[in-house]
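Working through the structure, step by step
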Amino acid sequence: MAAYIVATVRVSDPAKFGAYVKAIAGLSERHGGEYVVRGPITEVLEGDVDPHERIVVSRFPHADAARSYIGSPEYQAAAALRAGAGTVESRLLVDPD
């Protein structure tokens with residue numbers, strides 16, 4: 001079953017956050033992932049949403065691959081680089097079809 005990581009990203013220090021982005025370049029793909037969509041919110045349709053958030057959706061062949069990506073030492077080291085530069089909230093969704 002396909003699994004998706006859906007992340008909400010808020011950047012407060014673009015230069016510092018850029019080090020994180022550079023460090024994870026290609027890492028998702030090495031765990032079987034592919035980006036479905038990533039970018040700024042185009043329009044808030046409902047709810048109390050920060051219009052400056054960015055959304056990243058990555059597809060993995062299965063949930064274990066997604067967990068392997070997030071739990072990898074490379075990802076964890078990269079995540080430490082973004083401390084004080086922004087926040088990332090990630091969710092795992094498994095497609096039952």
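I will try to describe carefully the structure that is included in this document. If you're wondering where the values come from, they're calculated on a predicted model, not measured in any experiment.

Per the counting criterion, the structure on display carries four aromatic pairs. Directly above the ring of Y35 sits R38, whose terminal nitrogen or CZ lies 3.9 Å from the centroid. Looking at R82, its charged tip hangs above the ring of Y20, at a distance of 4.9 Å from the centre.

Quick look at the nonpolar core now. Counting residues in hydrophobic clusters, the biggest one holds 16 residues, and the most contacted among them are F17, Y20, I24, F60, Y69, Y75 and V88. If we ignore the near neighbours within four places in the chain, the residues touching Y75 are Y20, I24, L27, Y69, I70 and R82.

So, about a nonpolar patch on the surface. Judged by side-chain polarity, M1, L92 and V94 come together as a nonpolar surface patch covering roughly 280 Å² of accessible area. Topologically, L92 is positioned in strand β4 (residues 86–94). Look at L92 and you get partly exposed, because its relative accessible area is 36%.

Below, the discussion takes up helix α4 (residues 73–81). Those residues of α4 that fall on the buried side of the exposure criterion are Y75, A78 and A79. Across the axial projection of α4, the buried residues extend over an arc of 105°, all falling on one side. Along α4, the residues that are exposed and aim more than 90 degrees away from the buried face are P73 and A80. Against α1 (14–24), α2 (27–30) and α3 (63–71) lie the buried residues of α4.

Parameters at a glance
Here the residue index of a chain counts from 1 through its sequence in written order. Two thresholds apply to this predicted model, a pLDDT of at least 70 for residue-level local features and 80 or more for giving and counting side-chain atom pairs, whereas whole-chain, interface and lining totals are computed over all residues. Values reported for side chains reflect all heavy atoms of the structure, with hydrogen atoms and water molecules removed beforehand. Only the six-membered ring of Trp is used, alongside the rings of Phe and Tyr, when aromatic pairs are assigned; centres must lie within 6.5 Å, and planes under 30 degrees apart are stacked while those over 60 apart are edge-to-face, with the rest tilted. Here, over-ring charges are defined by two tests on the NZ atom of lysine or the CZ atom of arginine: distance to the ring centre within 6 Å, and angle to the ring normal within 35 degrees. Think of a nonpolar core as a cluster: buried Ala, Val, Leu, Ile, Met, Phe, Trp, Tyr and Cys residues, connected wherever their side-chain atoms sit within 4.5 Å. For the exposure calls, accessible area comes from a 1.4 Å probe over protein chains only, and a residue counts as buried if that area is under 20% of its type's maximum, exposed if over 50%, partly exposed in between. Note on contacts: a residue pair is in contact if any heavy atoms of the two residues lie within 4.5 Å. Surface patches are defined over residues having more than 30% relative accessible area and no salt bridge, joining like charges when they lie within 9 Å and nonpolar side chains (Val, Leu, Ile, Met, Phe, Trp, Tyr) when within 5 Å. Calculation of accessible area relied on Shrake-Rupley with a 1.4 Å probe; when residues are assessed, cover is drawn exclusively from the protein chains displayed. By salt bridge we mean one thing: a side-chain nitrogen of Lys or Arg within 4 Å of a carboxyl oxygen of Asp or Glu. The helix and strand labels rest on DSSP assignments: H or I over at least four residues marks a helix, E over at least two residues marks a strand, and numbering proceeds from the N terminus. By construction, the arc corresponds to the directions joining the helix axis to the C-beta atoms.

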